[in-house]
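Chain and residue survey
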Amino acid sequence: MAERVDTIVIGAGVIGLGVARALALAGREVIVLEQHDAFGTETSSRNSEVIHAGIYYRPGGLRARLCVEGKTKLYAYCRARGVNHLNCEKLIVATADPEMSGLLAIKETAEKNGVLDLTMIDGAEAARLEPGLRAVAALRSPSTGIVDSHGLMLSFLGDLENAGGVLALRARVVAGRVTAERIEIDVGENGGGSMTLAASLVVNCGGLHADAVARSIEGLDPRFIPALRPAKGQYFTYSGKAPFSRLIYPLHRADSQGVHYTRDLGGQARLGPDIRWDAALGDYSVDPSRLPDFVRDVARFWPDLDPARLQPGYSGQRPKATGPGEEGDFLIYGPKLHETPGYVGLYAMESPGLTSCLAIGDYVAALAQS
């Protein structure tokens with residue numbers, strides 16, 4: 001016998017919690033199903049914690065739209081709720097004259113996305129802002145920052161619970177089916193048997209597992225279940241005082257923003273991520289042999305980098321629906337698109353998912369009402 005509920009959100013990463021919060025604040029009764037024993041243990045806790053400005057993404061795409069909207073909402077939310085964050089700025093650097101055209105192209109894309117605060121500075125100005133930085137020119141992004149992702153998710157969970165929502169941990173979706181009136185979800189609890197929930201609305205925020213979750217639900221159109229692949233990114237941490245106060249990025253590629261310099265709110269400097277397409281799902285090891293590649297890439301803009309101060313840090317995985325060298329986008333499929341009432345699927349929710357989480361929540365809440 002299925003237990004009836006109003007709304008199920010699958011996955012308690014920053015996007016799942018942001019979506020659940022938005023739905024609960026809209027008056028829905030929400031239960032969040034999380035397969036692990038804590039929230040945000042995968043992609044949401046294994047990234048750079050950057051608040052992105054919305055600079056790189058394809059104009060007109062969801063990543064561009066929701067990042068720019070989400071950035072504004074995220075800064076306002078963090079200020080209002082006391083979530084630790086820092087508007088530390090970012091420099092995107094050209095280390096040789098042939099890269100100047102790349103900076104100009106980035107600025108043009110950013111302006112099409114509505115990011116109008118980028119300024120071009122020469123190498124001397126970049127070095128004045130960040131002594132030790134080598135560049136012939138740089139784009140200065142004043143609206144880039146960093147945020148405490150765990151504190152943000154904890155705040156979202158508080159909002160959800162205050163609105164009557166519930167988080168169920170160690171609750172793994174094992175199967176499901178679309179029925180005439182509702183969507184039934186079979187949930188395995190604590191490694192044992194299963195219970196069945198019948199919901200008016202199911203939102204799949206399964207991250208790295210979103211496609212597998214969707215395939216386990218009978219009745220969903222397989223044409224609207226993209227195949228995801230994990231793209232692994234590794235980080236090396238830097239001991240000692242952080243050399244730069246701003247984030248430093250090289251020119252990006254279609255599938256990656258390149259190995260860059262970031263710092264956390266405690267002042268710990270780190271380099272990464274790289275991108276690897278050959279890792280198995282759930283492989284969070286860090287390969288020490290990659291150190292020379294990191295040093296080579298970063299020394300182009302930080303010539304005084306001391307490799308002896310670098311050590312393997314951590315790694316994460318991005319749920320991509322594209323392959324090497326390809327630019328992706330958020331794939332958010334609502335009931336009208338796949339003709340399944342009561343189901344919303346979120347796929348390929350990679351960077352800038354953290355920045356966009358509040359805007360994504362509002363977007364899904366609007367989809368659920370349509």
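Residues numbered from 1 in each chain as written. Predicted model: local features only at pLDDT ≥ 70, side-chain atom pairs only at ≥ 80, totals over all residues. Heavy atoms only, no water.

With that out of the way, let us pick up the sheet that holds strand 4 (residues 85-86). Read from one edge to the other, the open sheet built from three strands follows the order 3-8-4, with strand pairing classed as antiparallel. Strands with a single pairing partner mark the edges of an open sheet, and in this sheet they are strand 3 (50-51) and strand 4. Of the pairings in the sheet, the one linking strand 3 to strand 8 (residues 145-147) comprises two bridges and is antiparallel in character. By the bridge assignment for strand 8, Val-50 is matched with Ile-146. (Pairing = 2+ DSSP bridges. Helix = DSSP H or I, 4+ residues; strand = E, 2+ residues; numbered from the N terminus.)

Moving on, we get to the side chain of Glu-42. Tracing the backbone shows Glu-42 in the loop between strand 2 (30-33) and strand 3. One buried charged residue, Glu-42, remains without a salt bridge, the closest side chain of opposite sign being Arg-46 at 7.8 Å. Non-local contacts of Glu-42, meaning those with residues more than four positions away in its chain, are made with Gln-35, His-36, Leu-208, His-209 and Tyr-284. (Buried < 20%, exposed > 50% of the residue type's maximum accessible area, 1.4 Å probe, protein only. Lys, Arg positive; Asp, Glu negative; His and termini not counted. Salt bridge = Lys/Arg side-chain N within 4 Å of Asp/Glu carboxyl O. Contact = heavy atoms within 4.5 Å.)

What follows deals with empty space enclosed by the protein. Under the defined criterion, the tally for this structure stands at two cavities of 30 Å³ or more. Along its surface, the largest cavity is lined by Leu-220, Asp-221, Phe-224, Ile-225, His-338, Thr-340, Tyr-343 and Tyr-347. Taken together, the residues of the lining of the largest cavity break down into five nonpolar, two polar and one charged. For the lining of the second largest cavity, a count of residues per class yields three nonpolar, two polar and four charged. (1 Å grid on protein atoms, 1.4 Å probe; cavity = no way out; pocket = protein on both sides within 12 Å on 5 of 7 lines; lining within 4 Å. Points joined across faces, edges and corners; volume = space filled by probe spheres on them. Nonpolar A, V, L, I, M, F, W, Y, C, P; charged D, E, K, R; others polar.)

Just distances and angles here, no functional claims.
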